[in-house]
Amino acid sequence: MLARSSQALAAAAERDPLIFDPDWDEDTRLADWQQALANTSKHPPLLAAALAWDAWETIAPLQHRFWLGPMLVAALLRARAKTRAHLACLNIGLRTIARERRRRF
């Protein structure tokens, strides 16, 4: 069972070039976003959340999970004690705009 699990994980680690862009460096982009997030520590929570979201949209660290950004921004607001509830509503208004039009690049 361990051997099959290891094989499945190894196969999942390989990225199909038809689905994933081989030039997309998620690790570097994610590190850049984490650095931008760290730079917001001195700002008030709402400004930090706005900067984190803008950095997420600008850097686009994850190739296929673009929806994760608003959830991470909501988690930032919760972690900084600005709210107690999850703010999934941050992303609801964006659903009315085509994804291609709301991204900067």
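As the structure is a computational prediction, the values presented were derived from the model and not from experiment. (Residues numbered from 1 in each chain as written. Predicted model: local features only at pLDDT ≥ 70, side-chain atom pairs only at ≥ 80, totals over all residues. Heavy atoms only, no water.)

1. A look at the packing of helix α2 (residues 26-38) against helix α3 (residues 45-59)
And then number 1: Close contact between α2 and α3 brings their axes to 9 Å; oriented N to C, the two are set at 160°. It follows from the interaxial angle that α2 and α3 lie roughly antiparallel. Note on packing geometry: the crossing formed by α2 with α3 is right-handed. On α3, the residues touching Arg29, Asp32, Trp33, Ala36 and Leu37 of α2 are Ala52, Ala55, Trp56 and Ile59. (Axes fitted to C-alpha atoms, helices over the stretch in contact; angles between N-to-C directions. Helix = DSSP H or I, 4+ residues; strand = E, 2+ residues; numbered from the N terminus. Parallel < 35°, antiparallel > 145°, perpendicular 65-115°, else oblique. Left-handed = near helix turned anticlockwise from the far one by under 90°. Contact = heavy atoms within 4.5 Å.)

2. Examining the packing of α3 against helix α4 (residues 68-79)
And then number 1: It is the contact of α3 with α4, at a shortest axis distance of 9 Å, that shows an interaxial angle of 160°. One way to sum up the angle between α3 and α4 is to call them roughly antiparallel. The handedness of the crossing between α3 and α4 is right-handed. In this structure, α3 contributes Pro45, Leu46, Ala48, Ala49, Ala52, Trp53 and Trp56 to the contact, and α4 contributes Leu68, Gly69, Pro70, Leu72, Val73, Leu76 and Leu77.
And then number 2: Taken together, the residues that form the contact of α3 with α4 break down as 13 nonpolar, one polar and no charged. (Nonpolar A, V, L, I, M, F, W, Y, C, P; charged D, E, K, R; others polar.)

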